[in-house]
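# Inside the fold
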Amino acid sequence: MDASFFILTLASIAIGLTYIINKKLAHGKVNASTLTFVISYVNAFISIPLLFVNFSITKNPLLWLLILVSALTFGLSSYFSFRAYKLTDVSTVSLVHKLNVVVAALIGIVFLSERYSFLSYTGLILIVLSNIFLIYDGKRISIEKGIFFAFLMAIMSALAAVFDKIILNDFSPFTYVFVNSIITGMMFSFRKGVVSDGIQLFRQNTKLVLATSVLNVGSWAAFLFVLQNTTVSKSFPIYKSLSLIVPVVLGILILKETNKLWQKIAGTIIGVAGIILLALK
């Protein structure tokens, strides 16, 4: 088995598990910006050891500007994800989030001159169709508020992935995990009361916060390491494959998310088929 494929598989399973944990964290009246603030700083703390692995940062001021943009974009993706978790099923969020594969692929094709085959374009269409199953309600298309936030989450995370690909041309992926996390946390530090709210959130949900951060950091570090030596359109689909299946299955079995069950199952099958076709590019 190719080492990159194996690493991405483990990373995608790990990130898939975070959907379930984040759904539990988003329960109640806690603010989505507080969740983003806390998890970003905990991510940064956990990733400190990565600073001692191939430490390297860019000296290009323009690239640092892009890092700020990428951190903000990633932070918004996290923020919108928690807004979505509050309003809809984790299985639904997972399916809609996979539209980031389509967005990242299109950006890679248009702006980074990455080439796609007929099978790859077919894969993109299948992923879009998998989401249409979710928003189809009887004889009409219905987009719930939670699905809308998940869609914004998908766009932001796709943009961040493309920005990261550019950044990693002159930045250690391990160093970047810490840098991105700490900057994201700082950007969400300015809301009044966020620090006190964050401390309370961490005290009440210490195990869940640590669990999602460990999985986040480990998964993201692995993904960035592989991404540094591959194309966005090749690595992103593989990374997202099991991270689609895991939350849908666990959401149905553990969280009893049986609303629109057949649409979720059909959407997952079609979405995975699309991701596989993309990986065959």
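Given the structure is predicted, the values throughout are model-derived calculations rather than measurements. (Residues numbered from 1 in each chain as written. Predicted model: local features only at pLDDT ≥ 70, side-chain atom pairs only at ≥ 80, totals over all residues. Heavy atoms only, no water.)

## Brief notes about helix α8 (residues 173–187)
Condition: Helix and strand assignments follow DSSP, with helices taken as H or I runs no shorter than four residues and strands as E runs no shorter than two, numbered in order from the N terminus. By this rule, a helix spans an expected 1.5 Å times one less than how many residues it contains. Here the term buried applies to any residue with accessible area under 20% of the maximum for its type, exposed to any over 50%, and partly exposed to those in between, with areas from a 1.4 Å probe on protein chains only. Whether two residues are in contact is decided by their heavy atoms: any pair within 4.5 Å suffices.
Between its first and last C-alpha, α8 extends 21 Å over 15 residues, near the 21 Å set by a 1.5 Å rise per residue. Along α8, 12 of the 15 residues are buried, which leaves the element largely enclosed by surrounding structure. Taken together, the buried positions of α8 are occupied by P173, F174, T175, Y176, V177, F178, V179, N180, S181, I183, T184 and G185. Contacts from the buried residues of α8 go to α2 (32–46), α3 (61–87), α7 (145–167) and α10 (206–227).

## Concerning the packing of aromatic side chains
Where we set the bar: We call Phe, Tyr and Trp rings a pair once their centres come within 6.5 Å, taking the six-membered ring for Trp, and we label the pair stacked below 30 degrees between planes, edge-to-face above 60, and tilted otherwise.
Throughout the structure, instances matching the rule amount to 9 aromatic pairs. Members of the aromatic cluster, joined through ring pairs, are Y79, F80, F148, F149 and F188.

## Some remarks on the pattern of salt bridges
In plain terms, the rule: Salt bridge, as applied in this entry: a Lys or Arg side-chain nitrogen positioned within 4 Å of an Asp or Glu carboxyl oxygen.
For the structure on display, the rule yields 1 salt bridge. The salt bridge involving R191 is made with D197; its shortest N-O contact spans 3.6 Å. Here D197 falls in the partly exposed class, since its relative accessible area comes to 33%.

## Comments concerning unusual backbone geometry
At N54, a position not held by glycine, the phi torsion is positive, near 50°. Looking at the secondary structure, you find N54 in the loop between α2 and α3. The class of N54 is exposed, set by a relative accessible area of 58%.

## Details of a nonpolar patch on the surface
Put simply, the rule is: Residues enter patches when their relative accessible area tops 30% and they take part in no salt bridge; the joining distance is 9 Å for like charges and 5 Å for the nonpolar side chains Val, Leu, Ile, Met, Phe, Trp and Tyr. Calculation of accessible area relied on Shrake-Rupley with a 1.4 Å probe; when residues are assessed, cover is drawn exclusively from the protein chains displayed.
Taken together, the side chains of F6, L10, I13 and L17 define a hydrophobic patch exposed on the protein surface, amounting to about 330 Å² of accessible area. Relative to the assigned elements, F6 resides in helix α1 (residues 3–25). Judged by relative accessible area, which is 44%, F6 ranks as partly exposed.

## Topic: the packing of α2 against helix α9 (residues 194–204)
For clarity, the cut-off: Lines are fitted to the C-alpha atoms to define the axes, a helix being fitted only along its stretch in contact, and any angle between axes, read from their N-to-C directions, falls within 0 to 180 degrees. Should an angle fall under 35 degrees it is taken as roughly parallel, and over 145 as roughly antiparallel, whereas 65 to 115 is taken as roughly perpendicular and any remaining angle as oblique. As a working rule, the residues Ala, Val, Leu, Ile, Met, Phe, Trp, Tyr, Cys and Pro are called nonpolar, Asp, Glu, Lys and Arg charged, and the rest polar, with Gly in that last group.
Following both chains from N to C, one finds α2 and α9 inclined at 70°, their axes separated by 9 Å at the closest point. Taken together, the axes of α2 and α9 lie roughly perpendicular to each other. Facing S33, T34, L35, F37, V38 and V42 of α2, the residues of α9 in contact are V194, V195, D197, G198, L201 and F202. Grouping the constituent residues of the contact of α2 with α9 by class yields 8 nonpolar, 3 polar and 1 charged.

## Observations concerning the side chain of S94
In this fold, S94 is placed in helix α4 (residues 90–97). Among the residues examined, S94 registers a relative accessible area of 0% and is labelled buried. Apart from the residues within four sequence positions on either side, S94 is in contact with Y19, S243, L244, P247 and V248.

## Here we look at the nonpolar core
Stated precisely, the cut-off is as follows: Side-chain atoms within 4.5 Å are what join buried Ala, Val, Leu, Ile, Met, Phe, Trp, Tyr and Cys residues into a set we call a nonpolar core.
Residues L35, F82, Y85, V93 and I127 are the most contacted members of the largest nonpolar core, which totals 44 residues. Every residue in contact with V93, bar those within four places of it in the chain, is listed here: Y19, A84, Y85, T88, A150 and M153.

## A short note on the side chain of T34
Keep this limit in mind: Think of a polar contact as two N or O atoms within 3.5 Å of one another; within protein, one of them needs to be a possible hydrogen donor and the other a possible acceptor, and neighboring residues in sequence only count if both atoms come from side chains.
Within the secondary structure layout, T34 lies in helix α2. The class of T34 is buried, set by a relative accessible area of 2%. A polar side-chain atom of T34 sits 2.4 Å from a polar atom in the side chain of R191.

## Structural notes on the environment of I125
Along the chain, I125 turns up in helix α6 (residues 118–135). The class of I125 is exposed, set by a relative accessible area of 52%. In sequence terms I125 and V102 are 23 residues apart; their C-alpha atoms lie 8.5 Å from each other.

## Remarks on the packing of α3 against α7
For clarity, the threshold we go by: The crossing is said to be left-handed when, going from far helix to near helix, the turn is anticlockwise and less than a right angle, and right-handed when the turn is clockwise.
Relative orientation of the contacting elements α3 and α7 amounts to 155°, with a least axis distance of 8 Å. In terms of orientation, α3 and α7 fall into the roughly antiparallel class. By crossing handedness, the relation of α3 to α7 is classed as left-handed. Here the residues of the contact of α3 with α7 sort into 19 nonpolar, 6 polar and 3 charged.

## Looking at α9
Test applied: When we speak of the arc, we mean the arc of directions from the helix axis to the C-beta atoms.
Among the residues making up α9, those that are buried are V194, G198 and L201. One side of α9 carries all its buried residues, which in axial view fall inside an arc of 65°. What points out from α9, more than 90 degrees from its buried face, is the exposed set R203 and Q204. The inward-facing, buried residues of α9 contact α2.

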